[in-house]
Amino acid sequence: MGQQSLIYSFVARGTVILAEYTEFQGNFRSIAVQFLQKLPASNNRVTYICDGHTCNYLVEDGYTYCVLAIEAIGRQVPIAFLDRIKEDFNKRYGGGKAATALANSLNREFGSKLKEHMQYCADHPEEISKLAEVKAQVSEVKGVMMENIVKVIGRGEIIDVLVDKTENLRSQAQDFRQIGTSMRWKMWFQNMKIKLIVLGIIVALILIIILSVCHGFKC
């Protein structure tokens, strides 16, 4: 496909362009900067289409990575390019001088890296496409895993409810056993009381009979 598919790129901090590269003459920079002014500050990916070209932006942690490409190459190659330069830039300047660098002050160091990444991505569209497919599959697997985790968590909540109900039943059964034991003791005491009363009455009757007999015979 050739390097002409990727035309212009830059890395900016906010709206301050720190490094840029192009081999072509044209108003590419002014177009890219106009769109840069409109970008939201939050992390995101944005693509603008203009005159058969796409302006692709990756905004992350206060830095913006941009590439202007011909529309015919689609989205995969520009996206792959932005990911590559973001990773390279963070390795070189993450937490370093990029935070205070002046406009275009990193051109000498990073401009050549922009060129290398543009060349590689433009010359290897099939490899880029395969990598994009692998990433999509990985994302899909992650999505399925997260869905399964959520389902497991849901089942865990159900299990917790069942455990709670089991504990309640166990507690109720224990209470029932305790109440049953108490009732059995009460019934035993009542039975014993009745038996003692009956026994007392029988003894009293026997005594009365004995005394009556003794009195009749004048014991």
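None of the values given here were measured: they were computed from a predicted structure. (Residues numbered from 1 in each chain as written. Predicted model: local features only at pLDDT ≥ 70, side-chain atom pairs only at ≥ 80, totals over all residues. Heavy atoms only, no water.)

The subject of this paragraph is the overall build of the protein chain. Helix and strand counts for the protein chain stand at four helices and five strands. Start at the N end of the protein chain and walk to the C end: the helices and strands fall as β-β-α-β-β-β-α-α-α. The burial tally for the protein chain puts 26% of its 219 residues in the buried class. If you take every contact in the protein chain between residues at least 6 apart in sequence, the share linking residues at least 24 apart comes to 54%. As displayed, the protein chain offers around 14,800 Å² of accessible surface, 62% of which is attributable to carbon and sulfur atoms. (Helix = DSSP H or I, 4+ residues; strand = E, 2+ residues; numbered from the N terminus. Buried < 20%, exposed > 50% of the residue type's maximum accessible area, 1.4 Å probe, protein only. Contact = heavy atoms within 4.5 Å. Areas by Shrake-Rupley, 256 points an atom, 1.4 Å probe, with all protein chains shown as cover.)

For Asp88, the position within the fold is in helix α2 (residues 76–93). Relative accessible area serves as the criterion here: at 13%, Asp88 is assigned to the buried category. Apart from residues no more than four positions distant in its own chain, Asp88 is found in contact with Phe110, Lys113 and His117.

On to the nonpolar core, then. Nonpolar side chains in soluble globular proteins generally cluster together in the buried interior. Core analysis: the largest hydrophobic core is formed by 27 residues, its most contacted members being Leu6, Tyr65, Phe81, Phe89, Leu106 and Leu114. Those elements that place two or more of their residues in this core are β1 (6–13), β2 (16–22), β5 (63–70), α2 and α3 (107–123). What Leu114 contacts, discounting residues up to four positions off in sequence, is Ser9, Phe10, Val11, Ala19, Glu20, Tyr21, Phe81 and Ile85. (Core = buried A, V, L, I, M, F, W, Y, C linked by side-chain atoms within 4.5 Å.)

Bringing the packing of α2 against α3 into the picture now. Two measures define how a pair of helices packs: the angle their axes make with one another and the distance between the axes. At a minimum axis separation of 10 Å, α2 and α3 run at an interaxial angle of 150°. Comparing their axes, α3 and α2 come out roughly antiparallel. Viewed along their axes, α2 and α3 form a crossing whose handedness is right-handed. Along the contact surface, α2 presents Val77, Ala80, Phe81, Arg84, Ile85, Asp88, Phe89, Arg92 and Tyr93, while α3 presents Glu109, Phe110, Lys113, Leu114, His117, Met118, Tyr120 and Cys121. By residue class, the composition of the contact of α2 with α3 is eleven nonpolar, one polar and five charged. (Axes fitted to C-alpha atoms, helices over the stretch in contact; angles between N-to-C directions. Parallel < 35°, antiparallel > 145°, perpendicular 65-115°, else oblique. Left-handed = near helix turned anticlockwise from the far one by under 90°. Nonpolar A, V, L, I, M, F, W, Y, C, P; charged D, E, K, R; others polar.)

A few words on the pairing of β5. Counted residue by residue, β5 has seven buried out of eight residues, so it is predominantly covered. Two strands pair when backbone bridges link them, and β1 and β5 are joined in this way by seven bridges, in the antiparallel orientation. Residue Ala12 lies in a different strand from β5, and its bridge partner there is Thr64. The pairing of strand β4 (residues 53–60) with β5 spans eight bridges and is antiparallel. Bridge assignment links Thr54 to a residue of β5, and that residue is Ala69. Between the antiparallel neighbours β4 and β5 lie two residues, among them Asp61 with a positive phi of about 55°. (Pairing = 2+ DSSP bridges.)

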